[in-house]
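Observations on the three-dimensional arrangement
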Amino acid sequence: AAAAWQDRIGLRIHLTAPKTLAVRNNIAEVTGSADLEIGGTLASPVILGEVALDEGGALRIQNVDYRVTRGTIAFQNPFRIDPFFDVTIEGTVSGSASELEGGPLAVTVNLTGTLDRLTPTITSDPPASDITLFSILGLGGIGARGGTQAGGAGVIGQALLYQSLSSMIGSRVF
């Protein structure tokens, strides 16, 4: 619970970071832009606006290197911090001989939704089975490629984002 004084301090901050947003740590090297309004109180802040990730940023998730092909994080909920992610990353993964017959796979991961309803969609070239993709990516054997997913796959998507993005933009935001 917040202290009473934190409820009395109002926030009214406009943050504009055109092409100047940068995150560089052991998980990511990503640049982008932000246009955010921070309101509410110190005890209950609210963020509205959007963060746009530049193409070409690098992420390392589950020992796989990915490149950002597009990404936005939209803050649209005026009552709580509830970002909506629409991020696509691409990478190349290798598995054991029993998992992959034809060598490495070019993998595209698209993450869309809020943290509590995140939908990961994973495709590969050459095409591989869902079980193979999730196994190679270190995510277990749950998922459905190219469609809406619930249950375990949403948890997997959350885990990916928590691992990479929470340390990028601060766990306090989530």
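Note that the structure is predicted; figures quoted are calculated from it, not measured.

Applying the stated criterion across every chain yields a total of 8 salt bridges. When the shortest N-O distance is used, the salt bridge between Asp-116 and Arg-80 registers 4.0 Å. Note that Asp-116 is positioned in the loop between β7 (105–114) and β8 (119–125) and Arg-80 in the loop between β5 (64–75) and β6 (83–93), a separation of 36 residues in sequence. Looking at Arg-80, the relative accessible area reads 43%, which means it is partly exposed. One network of salt bridges, with partners in common, ties together Glu-55, Arg-67 and Glu-90.

If you look at the biggest cluster of nonpolar residues, it comprises 31 residues, and the most contacted ones within it are Leu-59, Tyr-66, Ile-89 and Val-107. Those elements that place two or more of their residues in this core are β2 (28–40), β3 (45–53), β4 (58–61), β5, β6, β7 and α2 (130–136). Ranked by residue count, the leading element in this core is β5, at 5 residues. Once residues within four sequence positions are removed from consideration, Ile-89 is found in contact with Leu-59, Ile-61, Tyr-66, Arg-67, Val-68, Thr-69, Val-107, Thr-108 and Val-109.

Basis of the calculations
- Residues numbered from 1 in each chain as written.
- Predicted model: local features only at pLDDT ≥ 70, side-chain atom pairs only at ≥ 80, totals over all residues.
- Heavy atoms only, no water.
- Salt bridge = Lys/Arg side-chain N within 4 Å of Asp/Glu carboxyl O.
- Helix = DSSP H or I, 4+ residues; strand = E, 2+ residues; numbered from the N terminus.
- Buried < 20%, exposed > 50% of the residue type's maximum accessible area, 1.4 Å probe, protein only.
- Core = buried A, V, L, I, M, F, W, Y, C linked by side-chain atoms within 4.5 Å.
- Contact = heavy atoms within 4.5 Å.

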